[in-house]
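# Structure assessment
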Amino acid sequence: MKLDTPIGEFPGVGQVRQRALERLGLRTAEDLLRHFPRDYEDRTKLCTIAQAPEGESVCVRALVAETPRLSRIRKGLELTKVRVVDDFTSMTVTFFNQSYVKDALRPGESYVFYGKVEGYGRARQMTNPVFEREGAARFTGRIMPVYSLTHGISNNLLAGLTQRALEGCLEQVEETLPPALRQEHALAALPFSWQHIHFPGSFEELALARRRLIFEELFYLSCGLAFLNKRRGAESGPVFSPGPAEDFDALLPFSPTGAQRRAMAELAADTSSGRPMNRLLQGDVGSGKTAVAAYGAWLARKSGFQSALMAPTEILAHQHYTTLSSLLAPAGMKVALLTGSLKAAEKKKVYAALESGEIDLAVGTHALLSEGVVFSRLGLVVTDEQHRFGVEQRAALAAKAALRPHVLVMSATPIPRTLALIIYGDLDISVLDELPPGRTPVATYLVGEDKRQRMYGFVRKLVGEGRQAYIVCPMVEEGEEATAELKAVTAYAQQLQAQVFPDLRVAFVHGKMKAKEKEAVMASFAAGQVDVLVSTTVIEVGVDVPNAALMIVENAERFGLSQLHQLRGRVGRGKHQSYCVLISENKTPETLERLKVMTQTTDGFRISEEDLKARGPGDFFGKRQHGLPQLRISDLAGDMRVLKEAQQAAEELLRSDPALEQPENRRVLDQVRRLFAENPDIFN
Ligand code: ADP
Ligand code: MG
């Protein structure tokens, strides 16, 4: 077997399984090795039947004492029962609907059973355990990997295939990191790491393997990002002259916060430097990012350049258009709106005005990327709510300029700075960490099921006062039926309408709806034609509905804090006191502790730090942020110190060998290329 042996050649993999494995991105033996477990199950603890602790899964070695008995309770329910004994005690093992067990367990033979032992004395029992012959040690007596799966692929199957790939290929695996680097940072060898990330003999081995793999990936990522930055540093960009800030301030109906001033100064410095700006503007919902973008457009125009602002939805584009045109009109600036739903004739007019340079700022959706759009002198590209856009889209817009234009990316997802440096490594960062004065924080409550009726009462009361409410349900997890999400949301909305709020206007949106349908529902909510909007997290990115004053989140424990924060940001945008109610039946102390943070602070950065502490960086990496490579460590959720160490190591290596030309660094270059395979232009 070779690393590139197709999975189809593995025993037991026919066409159906091959296709299912492809859905997981698994085509070759090497893909299997790189498909890291998302979790582990500790099956190493061995007990006697008598000593097995209550409620904990353990391994028990026992002899099958009789022929298993199969009985049909009713249609669709079969029980197989068998008595097993160890040196001291016996217990009954019961299997539901696993009739094959009757022949798999042979009287007089010893097996290891993994499961929970329940009951006392003679009544000890186990239900649906994992079992295998004593000595097999494939599924028991070891730390088992838990993989992300897809329909038709079981964990055991995947573990088996991976085991086979390891046995067949491990000897051919060559080290990719320079020896000096491995030594300096105490990193395990690659073959060791692949072996033990899948089948660790102990948690110490697992930690070593994981450290190496996380380090390595972040190291390659950092190297690639450094290339990107270097390339950008060598290019020239449009030069804006930094006009006096007071002239711009006079256009604003408020005076900028300190944070806004800082961001504006950074923007002015970047755009006048002669190099193309590539800057991320991070700030909580409501922190005033729009004013900073407007400042950029104002600077551009003063220097004779046009600007474009791209938003992910028509509604958002509309909102920006309204705000920006009234803000910038007094400065004599011409702002145009360009979206897909514009009539052909109107589009033509906008196209012509853009090409002639009559328009100073074009606000729009993806329509801005259409072929017909030609700018006369594009100098600044702003994208809002960036995680909806990939690098390619930003690049497509930038390509409409003769000189590479300045780019400002606005994001309302606060990310701890250390992490942002990695995730947005190709961007400089400005942070709006200060809200404009006079905001009333959203009052946030954490409640259990017992308060449900009261909460519905509260919805009714606020709607009675003319407000609107969101009710958010969790996305359906992968692996569950694809239609379940749709059902959950639609069924819940229907039930609310029929039984709880027959007199209110209830509507719903979910991710499986067409974009047009979604936007139509959102638009009618924004127009006040819907009182209660039931949805999945599709509303996370968003629309400004100042009249919405209540956000209810069902099964709040299933959301990350940052996501909850994002959801909460949908309310509290108007003059009304707003509320957020988190419903959770989960009573584990860690969960309560985590959710309580939401009731204690509205500071997005603090919340994201807490999220990072509680759940590790996996979630931040999990979302494909902006076209950077998809990282496998998202499955490993590493430790912040490794992140920093890897970054520093990359900087050091590149200082001594900027193009990675030395023979000992050749493999590093290969790996960076591999990681950035989807953005090959970074190497030009
Ligand atoms: P973001 O896009 O960051 O969520 P916006 O730019 O939409 O926030 O601003 C939110 C609201 O706050 C807007 O109504 C805006 O006019 C107002 N605002 C922005 N900056 C200030 C400020 N410095 N003082 C008072 N109000 C402000
Ligand atoms: Mg905004």
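Here the residue index of a chain counts from 1 through its sequence in written order. Here chains are named by letter from A upward and ligands by number from 1 upward, in the order in which they appear as written. Restriction of local features to residues with pLDDT of at least 70 applies here, the model being predicted, together with a cutoff of 80 or more for giving and counting side-chain atom pairs; totals for whole chains, interfaces and linings are based on all residues. Think of the side-chain values as coming from all heavy atoms in the structure, minus any hydrogens and water.

### A short note on the overall build of the protein
Helix and strand content of the protein: 23 helices and 23 strands. Exposure categories follow from relative accessible area, calculated using a 1.4 Å probe and restricted to protein chains: below 20% of the type maximum is buried, above 50% is exposed, and the middle band is partly exposed. Residues counted as buried form 53% of the 684 residues belonging to the protein. Elements are defined by DSSP. Helices are runs of H or I of four residues or more, strands are runs of E of two residues or more, and each kind is numbered from the N terminus.

### Thoughts on the site of ligand 1
Close to ligand 1 lie 14 residues, the nearest being Gln-260, Gly-286, Lys-289, Thr-290 and Arg-439. Contact distances for ligand 1 include 3.1 Å between a nitrogen atom and a backbone N or O atom of Ser-255. Against a free-state accessible area of 570 Å², the protein chains account for coverage of 69% of ligand 1. A breakdown of the residues in the shell around ligand 1 according to their chemical character gives four nonpolar, seven polar and three charged. Near residues are defined by distance, with any heavy atom within 4 Å of the molecule or strand qualifying the residue. In protein, a polar contact means a hydrogen-donor-capable atom and an acceptor-capable atom, both N or O and within 3.5 Å, with residues adjacent in sequence counting only if both atoms are side-chain atoms; elsewhere, any N or O pair within 3.5 Å suffices. Computed with a 1.4 Å probe, the accessible areas rest on the Shrake-Rupley method; for each residue, only the protein chains presented here act as cover. Basically, the charged four are Asp, Glu, Lys and Arg, the nonpolar ten are Ala, Val, Leu, Ile, Met, Phe, Trp, Tyr, Cys and Pro, and anything else, Gly included, counts as polar.

### What to know about the sheet that holds strand S19 (residues 468-472)
Strands are labelled as partners when DSSP assigns at least two bridges between them. Pairing is parallel in the open sheet, where six strands are placed in the order S18-S23-S22-S19-S21-S20. At either margin of the open sheet sits one strand with a lone partner, and together these are strand S18 (443-447) and strand S20 (506-509). Each strand axis lies, on average, 20° off the axis of its neighbour in the sheet, ignoring direction. Here five bridges tie S19 to strand S22 (residues 548-553), and the two strands are oriented parallel to one another. Across the sheet, Ala-469 pairs through a bridge with Leu-550, a residue of S22. The strands that helix H15 (residues 452-464) touches are S19, strand S21 (532-535), S22 and strand S23 (579-583); relative to S22, the one it contacts most, it runs at about 160°. Relative to S22, helix H18 (residues 561-568) is tilted by about 155°, and along the sheet it contacts S18, S19, S22 and S23. Lines are fitted to the C-alpha atoms to define the axes, a helix being fitted only along its stretch in contact, and any angle between axes, read from their N-to-C directions, falls within 0 to 180 degrees. Throughout, a residue-residue contact means that at least one pair of heavy atoms, one from each residue, lies within 4.5 Å.

### Quick word on the sheet that holds strand S14 (residues 361-364)
With parallel pairing, seven strands are arranged side by side in an open sheet as S13-S14-S12-S15-S16-S11-S17. This sheet does not close on itself; its edge strands, each paired only once, are strand S13 (335-338) and strand S17 (428-432). Direction aside, the axes of adjacent strands within the sheet are offset by 20° on average. Judged from the four bridges that link them, strand S12 (residues 306-310) and S14 form a sheet pairing that is parallel. Counted as the bridge partner of Met-310 is Gly-364 from S14. Along the sheet, helix H11 (residues 314-328) makes contact with S12, S13, S14 and strand S15 (378-384), crossing S13 at roughly 170°.

### Things to note about the packing of aromatic side chains
How two aromatic rings sit relative to each other is set out by the distance from centre to centre and by the angle between their planes. Think of it this way: a Phe, Tyr or Trp ring, Trp meaning its six-membered ring, pairs with another when their centres are within 6.5 Å, and the plane angle makes it stacked under 30 degrees, edge-to-face over 60, tilted otherwise. If you walk through the whole model with that rule in mind, you get 13 aromatic pairs. A centroid spacing of 5.6 Å and a plane angle of 85° characterise the contact between Tyr-456 and Phe-501, whose relative ring orientation is edge-to-face. Highlighted residues: Tyr-456 in helix H15 and Phe-501 in the loop between helix H16 (482-500) and S20, separated in sequence by 45 residues. On the accessibility criterion, Tyr-456 (6% relative accessible area) is buried. For Phe-501, a relative accessible area of 0% translates into the label buried. One aromatic cluster in this structure is built from Phe-95, Tyr-111, Phe-113 and Phe-131. Here, a charge over a ring means that NZ of Lys or CZ of Arg falls within 6 Å of the ring centre while also lying within 35 degrees of the ring normal. Sitting above the plane of the Phe-305 ring, Arg-377 keeps its charged end 4.1 Å from the centroid.

### Focus on the pattern of salt bridges
The salt bridge definition used is simple: a Lys or Arg side-chain nitrogen within 4 Å of an Asp or Glu carboxyl oxygen. Taken as a whole and assessed by the stated rule, the structure comprises 29 salt bridges. Notably, a salt bridge pairs Glu-78 with Arg-72, separated by 2.8 Å at the nearest N-O pair. Residue Glu-78 is classed as buried on the basis of its relative accessible area of 16%. Under the relative-accessibility criterion, Arg-72 is labelled exposed at 63%. Note that Asp-249 and Arg-261 form a salt bridge whose closest N and O atoms lie 3.0 Å from each other. On the criterion of sequence distance, the pair formed by Asp-249 in helix H8 (residues 245-249) and Arg-261 in helix H9 (residues 258-271) is long-range, its members being twelve residues apart.

### Some thoughts on helix H10 (residues 289-302)
Helix span is expected to be 1.5 Å times the residue number reduced by one. Between its terminal C-alpha atoms H10 stretches 20 Å, which fits the 20 Å expected from 14 residues at 1.5 Å a residue. Of all 14 residues that make up H10, eleven are buried, and the element is covered over most of its length. Along H10, the residues classified as buried are Lys-289, Ala-291, Val-292, Ala-293, Ala-294, Tyr-295, Gly-296, Ala-297, Trp-298, Leu-299 and Ala-300. Directly beyond the C-terminal end of H10, a positive phi value near 85° is found at Gly-304.

### Here's the deal with the nonpolar core
Buried Ala, Val, Leu, Ile, Met, Phe, Trp, Tyr and Cys residues that are joined via side-chain atoms within 4.5 Å together make up what is termed a nonpolar core. Core analysis: the biggest nonpolar cluster contains 34 residues, and Phe-248, Tyr-295, Trp-298, Leu-309, Leu-328 and Leu-361 have the highest contact counts within it. Per-element accounting of this core gives the leading share, nine residues, to H10. Apart from residues lying up to four places away in sequence, Leu-328 is in contact with Phe-248, Leu-251, Ala-294, Ala-297, Trp-298, Met-333, Val-335 and Leu-361. Ile-7, Leu-26, Phe-36 and Leu-170 belong to the second largest nonpolar core, which has 32 residues in total.

### A short note on unusual backbone geometry
One non-glycine residue, Asn-128, adopts positive backbone phi at about 45°. Mapped onto the secondary structure, Asn-128 falls in the loop between strand S8 (125-127) and strand S9 (130-133). We note that Ala-137 has phi near 55°; this positive angle belongs to a residue other than glycine. Of the residues examined, Ala-137 reaches a relative accessible area of 42% and is grouped as partly exposed.

### A closer look at the pairing of S21
In S21, alternate side chains face the same way, and those of Val-532 and Val-534 on one face and Leu-533 and Ser-535 on the other are all buried. Both S19 and S21 contribute to a ladder of four bridges, which runs parallel. Bridged to Ile-471 within S21 is Val-534. Looking at chain direction, S20 and S21 are connected through four bridges and run parallel. In the strand pairing of S21, Val-509 is matched with Ser-535. A crossover counts as right-handed when, viewed with the strands pointing away from the observer, the path leading from the first strand over the helix to the second turns clockwise. With helix H17 (residues 515-526) bridging S20 and its parallel neighbour S21, the resulting β-α-β unit is right-handed.

### A word on the confidence of the model for the protein
Here the protein averages 87 in pLDDT, while 90% of its residues score no lower than 70. Every residue gets a pLDDT, meaning the predictor's confidence in that residue, from 0 to 100. In this model residues 622-626 is a low-confidence stretch, pLDDT under 50, and it forms 21 contacts with partners more than four residues away in sequence or in other chains.

### Details of the packing of H9 against H10
In helix packing, the relevant descriptors are the interaxial angle and the interaxial distance, both defined with respect to the helix axes. Taken N-terminus to C-terminus, the directions of H9 and H10 make an angle of 30°; their axes are 10 Å apart at the nearest point. Between H9 and H10, the angle falls in the class roughly parallel. Taken as a pair, H9 and H10 cross one another with a handedness that is right-handed. Note on element contacts: H10 touches H9 through Ala-291, Val-292, Tyr-295, Gly-296 and Leu-299, opposite Gln-260, Ala-263, Met-264, Leu-267, Ala-268 and Thr-271. The residue makeup of the contact of H9 with H10, split by class, is eight nonpolar, three polar and no charged. Each angle is binned into one of four classes, with values under 35 degrees roughly parallel, values over 145 roughly antiparallel, values of 65 to 115 roughly perpendicular, and all other values oblique. Should the near helix be turned counterclockwise from the far one by less than a right angle, the crossing is left-handed, whereas a clockwise turn marks it as right-handed.

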